[in-house]
Amino acid sequence: MSLFKARNWWSTILGEKEEFDHGCLCLANVDNSGNGQDKIIVGSFMGYLRIFSPHPTKTGDGAQAADMLLEVDLRDPVLQVEVGKFVSGTEMLHLAVLHSRKLCVYSVSGILGNVEHGNQYQMKLIYEHNLQRTACNMTYGPFGGVKGRDLICIQSIDGMLMVFEQESYAFGRFLPSFLLPGPLAYSSRTDSFITVSSCRQVESYKYQVLAFATDADKRQETDQQKLGSGKRLVVDWTLNIGEQALDICIVSFNQSASSVFVLGERNFFCLKDNGQIRFMKKLDWSPSCFLPYCSVSEGTINTLIGNHNSILHIYQDVTLKWATQLPHIPVAVRVGCLHDLKGVIVTLSDDGHLQCSYLGTDPSLFQAPNVESRELNYDELDVEMKELQKIIKDVNKSQGVWPVTEREDDLSVSVVVSPNFDSVSQATDVEVGTDLVPSVTVKVTLQNRVVLQKVKLSVCVQPPLELTCDQFTFEFMTPDLTRTASFSAYLKRSYTPSELEGKAVVSYSRPTGIPRVIQCKFRLPLKLICLPCQPSKTASHKVTIDTNKSPVSLLGLFPGFASQSDDDQVNVMGFHFLGGSQVTLLASKTSQRYRIQSEQFEDLWLITSELILRLQEYFEKQGVKDFACSFSGSMPLQEYFELIDRHFELRMNGEKLKELLSERAVQFRAIQRRLLTRFKDKTPAPLQHLDTLLDGTYKQVIALADAVEENQGSLFQSFTRLKSATHLVILLIGLWQKLSADQIAILEAAFLPLQEDTQELGWEETVDAAISHLLKTCLSKSSKEQALNLNSQLSIPKDTSQLKKHITLLCDRLAKGGRLCLSTDAAAPQTMIMPGGCTTIPESDLEERSVEQDPTEQFTNHRHLTADTSRPDLRPEDCFGNPQLTRALHSLRLVPSSLATSPQEAAWDTFLTPAALPRRSTSGNLQTPCSPKSLPHLGVPEPW
């Protein structure tokens, strides 16, 4: 509630569903009464004209019947009302009403009443002018310095100024370079009209120049004007204000010189008579109307400015003196003398809210009671504060800041995945090569304890898995209700997802308004994405997992993926992913090992994780608590680096394709502009094969756009495969170094920071920054490494050598006893102990040099698989085999002039066919293992 208010003196609502604008309000002694009191004249777009003379019995009263002097239906929309000396032979005030096609001048008179009904008022038409053009606004004044009468100037929609000398039409002039009408005002001191053109310039035209200019019989210039006969309409001065104007007002008070006030969309200008700026004020809000109304001190002017926040500001020049709240948004504001009350502010809204108010404040009637003063015992306060802090600390350690039980009691969420496939598959629009893609039903059950409204359930799975529906909304109007959401999951595209886990997230607000979020995870069955197949004896990639328990029958671990045989100890099993690849799982008969092998490295992840998970569940059911898995082989970083290079190569190809597409788009627009210029020319010149160039460039743009889209799909698949390989590497590192769950979480946060890979923020630079942070904090060897600062700005790297070096160094530090930690003590130098009582990491940098050497020495067969897509400018002789087009492009300045004389130097195809677009190379397979200096090679004999 605002303290500074516009105190309501009198108000009323005009009509029903009528519209008003800033020209529909006027205050003047329109009936020429002897007391000189102003009357309120209001016209509406519905054609109603109303005249009010407020006489409230007490402040704040609404309109009484006697307050309305006159109401007339003029049947035409009222654009503007003004009061002046518009009738010849008399200096009495008359009312001018502007309609869209008509100007009417009325006399308003009152007749004294002899009975209790009071005075009677009537409005008589004196004369009218039918307009040949649609009017926009008008202004009036003593044009040309006439005495005792006012002339009227009307501006039409098409930019014609029509001057009327009272009952007769004088002349009409077109404004030069006119596009849209702007506000119009007349300055009697300089005898000129001032308006704001559509070029956002304040323009001033002398009345004498208008009067002596050539008559405007039509919109275009006449032949006489073109030949030079007669005077042309020229502007007196202009000022560029850089924005459209809402209104113009010209005032001249005794204490100050004449000034031109212009209200813009964001600024308020005060100009001198010659167009120079006296001052300007930048407004922080959107204004709606304004009125310079008085000068209280020499050289300054007070101005009322209303805005669309229903606030009326009072400025003294550029200084804010008062701000008051209005009950409506004003579109017109006036100041007058009503009922012997001077300085009444009259405001009108666009929906007809008319209010007469004055400035005032609401006094505060509340008085704060006296506070009883007492002496404070600071020792007791310190003891109480320590006790409270101890209680808060204990609560945070035990159950956290938010009580979990309360959140769980409000709403419980459970997810059940059907063990069987749907009888009728719900998979639609699949891109998998198999004929039938299965689907499985998932049911999410919600049960509430209290009343909850607009509970939203969102379900997400990792692509290329797809759900038939992933958004649900529930209403729990009574407690203890159960709601179930059922949907199906299936594989949509022909590659393997990185995870089978899904999330069901429920968001709601408690009755107290506190927002809550509940998350429930579920796991889709492995058989949803793969089928049983014959095991393969050979494979390019192998992973061996060691356990501390006897091997378990694979038939019991993976029911449904092998047929029952006489021998229950099934030790080999094949998995065929719907995406196309195969994975073979073998269990050793003589040792406690399991081997997973496949032609694709990333496809080992799902089977490996599923094997470990099912082994843990199996031994938990048997009551075995000391089951553990380990990995003692060499870390498969080389295969992992291949996937990183493949993903990075696709990112670089995407950048180059976008650059080429941008270049061709610029070229396409340049040819379009030249063609448009040729078509518009009155004397058209030969096209010089521009149409052929346009068609060829268009084909290039389409081909490049298709290539960008294809590369985006390949990049998304590559990122999914990279995530699968990353999960596998993290799993192997955790088994290799026997990392705890917290340390594995740190690795996952460092290697998998992104859910979606984009060109602006990619996987390589993000992971490189995270690993570098770990190497410089918890895995650092000395204080020198801790003092290094990371680059605060992430950008796409030039290559992946730095990232691969950091990943290798991370594994090396972990192999020598380093441990991951995010505590504040991690910044201090640590003494890292090798398992089994090994010595600490030496301070020498020999092993650092072995890792930080040229990557080509460690990865001898590694080559960056990039395609050179740098292209010169378009050379038409290579595109179309026509040397004439070279000269055409040279005339368009699209190619250097040397190309027009030596077409044989062209060296590439401008038309980018799909075969010529940059694609991922299949050469450069990385087969060299990691250097034994950087990673220990703990090989074990094969049990098979």
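Residues numbered from 1 in each chain as written. Predicted model: local features only at pLDDT ≥ 70, side-chain atom pairs only at ≥ 80, totals over all residues. Heavy atoms only, no water.

Visitor: Residue-level account of the pairing of strand 13 (residues 160-165), with values.
Guide: Summarising burial for strand 13: five of the six residues are buried, a large majority. Of the pairings in the sheet, the one linking strand 12 (residues 151-156) to strand 13 comprises four bridges and is antiparallel in character. Across the sheet, residue Ile152 finds its bridge partner in strand 13, namely Phe164. Once strand 12 ends, the chain turns through three residues before running back antiparallel as strand 13, passing Gly159 with a positive phi of about 90°. With six bridges joining them, strand 13 and strand 14 (residues 168-174) adopt antiparallel strand pairing. Counterpart to Met160 in the pairing with strand 14 is Phe174. (Buried < 20%, exposed > 50% of the residue type's maximum accessible area, 1.4 Å probe, protein only. Helix = DSSP H or I, 4+ residues; strand = E, 2+ residues; numbered from the N terminus. Pairing = 2+ DSSP bridges.)

Visitor: Account for the packing of aromatic side chains, with residues named and values stated.
Guide: Using the criterion set out here, one finds 21 aromatic pairs in the structure. Taking the centre distance of 6.0 Å and the plane angle of 45° together, the rings of Phe171 and Tyr207 count as tilted. Placement of Phe171 in strand 14 and of Tyr207 in helix 1 (residues 207-212) is noted, with a sequence separation of 36 residues between them. Pair check on accessibility: Phe171 and Tyr207 agree, each one buried. Each ring, one from Phe261 and one from Phe268, has its centre 5.8 Å from the other, and the planes form 15°; the classification is stacked. For the pair formed by Phe261 and Phe268, the shared burial category is buried. Aromatic rings pair up to connect Phe143, Phe171, Tyr186, Phe193 and Tyr207 into one cluster. Over the ring of Phe421 we find Lys527; its NZ or CZ atom is 5.2 Å from the centre of that ring. (Phe/Tyr/Trp six-rings, centres within 6.5 Å; stacked < 30°, edge-to-face > 60°. Lys NZ or Arg CZ within 6 Å of the ring centre and 35° of its normal.)

Visitor: Tell me what's going on with a nonpolar patch on the surface, and back it up with residues and numbers.
Guide: Taken together, the side chains of Leu376, Tyr378 and Leu381 define a hydrophobic patch exposed on the protein surface, amounting to about 330 Å² of accessible area. Looking at the secondary structure, you find Tyr378 in helix 3 (residues 378-399). Given the relative accessible area of 57%, Tyr378 is considered exposed. (Patch = residues over 30% accessible without salt bridge, like charges linked within 9 Å, V, L, I, M, F, W, Y side chains within 5 Å. Areas by Shrake-Rupley, 256 points an atom, 1.4 Å probe, with all protein chains shown as cover. Salt bridge = Lys/Arg side-chain N within 4 Å of Asp/Glu carboxyl O.)

Visitor: Summarise the sheet that holds strand 8 (residues 94-98); cite the residues concerned and give the values.
Guide: Taken together, the four strands give an open sheet; going across it, the order is 7-8-9-10, and neighbouring strands pair in antiparallel fashion. For this open sheet the edge positions go to strand 7 (80-84) and strand 10 (120-130), each flanked by a neighbour on one side alone. This sheet shows a mean twist of 25° between the axes of neighbouring strands, independent of strand direction. Pairing between strand 9 (residues 102-111) and strand 10: 10 bridges, direction antiparallel. Bridge pairing links Leu103 to His129 in strand 10. (Axes fitted to C-alpha atoms, helices over the stretch in contact; angles between N-to-C directions.)

Visitor: Could you give me a rundown of the pattern of salt bridges, with the residues and numbers involved?
Guide: All chains considered together, the criterion is met by 17 salt bridges. Between Asp31 and Lys39 there is a salt bridge, and its shortest N-O distance comes to 3.1 Å. The exposure class assigned to Asp31 is buried, which follows from its relative accessible area of 12%. When its relative accessible area of 4% is taken as the criterion, Lys39 is described as buried. Across the salt bridge formed by Asp546 and Arg593, the nearest N and O atoms sit 3.2 Å from each other. Taken together, the positions of Asp546 in strand 39 (residues 541-547) and Arg593 in strand 42 (residues 593-598) put the pair 47 residues apart, joining distant regions of the chain. Judged on exposure class, the residue Asp546 and its partner Arg593 are both buried. When salt bridges with common partners are traced through the structure, they connect Glu18, Arg50 and Glu71 into a single cluster.

Visitor: Tell me about the nonpolar core, and name the residues and values.
Guide: Within the largest apolar cluster, 102 residues are counted, with the highest numbers of intra-cluster contacts made by Leu446, Leu457, Phe575, Tyr640 and Phe751. Residues contacting Leu446, with those up to four places away along its chain left out, are Leu411, Ser412, Val413, Val455, Leu457, Phe474, Phe476, Leu481, Thr482, Arg483 and Val506. Core analysis: the next-biggest nonpolar cluster, separate from the first, contains 18 residues, Cys26, Ile41, Val78 and Val97 among them. (Core = buried A, V, L, I, M, F, W, Y, C linked by side-chain atoms within 4.5 Å. Contact = heavy atoms within 4.5 Å.)

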